[in-house]
Amino acid sequence: YMVQEDLVFPPDLKVVLDVGTTLRIGAGKLVLAQNGIEIRGTKKRPVIVTSIDPLQHFGSLAVLGKKGTQSDINHLYVSNGSDRWHAGIFFSGGLSIYHNDKTRIRNSVFANNRADDGVNIKHGLVSIEDSKFIDNAADHIDLDYCSGSIVNSQFFMSSPGDSNGDGVDISGSEMVVKNSTFSGLGDKGISIGEKSRIYLTGNVLKSNNMGIAVKDLSLAYLFRNKFEGNVSDISIYQKKKIFGG
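Residues numbered from 1 in each chain as written. Predicted model: local features only at pLDDT ≥ 70, side-chain atom pairs only at ≥ 80, totals over all residues. Heavy atoms only, no water.

Draft legend 1. Highlighting the packing of aromatic side chains. Summed over all chains, the structure comprises five aromatic pairs. Centroid distance F155 to F182: 4.8 Å. Interplanar angle 5°. Geometry classified as stacked. In this pair, F155 is assigned in strand 19 (residues 154–156) and F182 in strand 22 (residues 181–183), connecting sequence segments 27 residues apart. Comparing F155 with F182 shows no difference in burial state: the two are buried. Each member of the aromatic cluster is reached from another via a ring pair, and the members are F110, F133, F155 and F182. (Phe/Tyr/Trp six-rings, centres within 6.5 Å; stacked < 30°, edge-to-face > 60°. Helix = DSSP H or I, 4+ residues; strand = E, 2+ residues; numbered from the N terminus. Buried < 20%, exposed > 50% of the residue type's maximum accessible area, 1.4 Å probe, protein only.)

Draft legend 2. Quick peek at the nonpolar core. One finds I121, I141, L143, V168 and I190 to be the most contacted residues of the largest nonpolar core, which totals 45 residues. Not counting the four nearest positions on each side in its chain, I121 is found in contact with I97, T103, I105, V126, I141, D142, L143, D144 and C146. Counting six residues, the second-largest nonpolar core is a separate cluster that includes L32, A62, F91 and Y98. (Core = buried A, V, L, I, M, F, W, Y, C linked by side-chain atoms within 4.5 Å. Contact = heavy atoms within 4.5 Å.)

Draft legend 3. Structural view of the side chain of N74. Relative to the elements of secondary structure, N74 occurs in strand 9 (residues 70–74). Residue N74 is classed as buried on the basis of its relative accessible area of 15%. Setting aside residues no more than four positions away along its own chain, N74 makes contact with I39, R40, G41, R106, N107 and S108.

Draft legend 4. Fine view of the sheet that holds strand 17 (residues 132–134). Strand order in the open sheet made by the ten strands is 1-4-7-10-15-17-19-22-25-28, with parallel pairing throughout. Edge strands, defined here as strands with exactly one partner in the open sheet, are strand 1 (2–3) and strand 28 (226–228). Pairing analysis gives three bridges linking strand 15 (residues 109–111) to strand 17, with the strands arranged parallel. If you follow V109 over to strand 17, its bridge partner there is K132. (Pairing = 2+ DSSP bridges.)

Draft legend 5. A look at the pairing of strand 23 (residues 188–193). Of all six residues that make up strand 23, six are buried, and the element is covered over most of its length. Judged from the five bridges that link them, strand 20 (residues 166–171) and strand 23 form a sheet pairing that is parallel. Residue pairing in the sheet places I170 in a bridge with I192 of strand 23. Judged from the four bridges that link them, strand 23 and strand 26 (residues 210–215) form a sheet pairing that is parallel. Its bridge partner being in strand 26, I190 is matched across the sheet by I212.

What follows is the structure in structure tokens.
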């Protein structure tokens with residue numbers, strides 16, 4: 001499907017992209033679901049969302065939910081996205097999911113998105129499993145006021161990239177990050193801020209500027225993680241004065 005203008009679905013309809021669907025979106029254009037999204041890809045026939053012109057980024061694949069909204073994503077490949085303002089809301093990722101009660105992402109790839117975030121999720125329960133985040137700028141995924149888990153996933157730059165880019169940036173959230181790899185990040189493998197609580201176990205943080213940063217009254221619990229070749233492994237500091245020492 002070729003989407004050459006903004007495509008905004010009615011708030012009472014759930015958007016379903018079936019196995020093998022390819023969605024090509026015009027430069028700067030938006031696709032907005034307002035009652036959750038279901039991606040039904042398979043390993044052999046993933047759902048692909050990308051730009052029409054490989055040299056021009058589309059705006060955002062956005063999901064704006066409400067109480068009771070759920071999204072389930074399996075075998076999705078998103079590339080060449082950016083960000084987009086719409087109706088006073090800034091969707092800051094190639095994939096942006098806001099105010100969904102539950103979001104599950106499995107077996108998916110997010111690559112070469114150019115925005116504040118490759119993926120941005122705000123407010124909800126989040127489960128991310130067996131997924132890859134590759135060469136996104138700035139952050140691979142930004143989680144704001146979420147709870148949930150990231151398991152068996154990879155976050156990396158294949159070549160030197162954005163010096164401000166994090167693998168995972170969490171704010172005001174409670175997360176478990178387990179058995180995942182963070183490598184080649186120009187800023188932080190994992191950024192933990194704004195009174196977040198995080199449990200890290202079985203992860204590998206390799207060749208990043210910072211392995212993890214713990215900021216602004218956040219709490220991080222580490223168990224059996226491996227740090228290798230980072231400029232600094234663990235940095236602890238205050239960034240925002242409103243959070244105290």
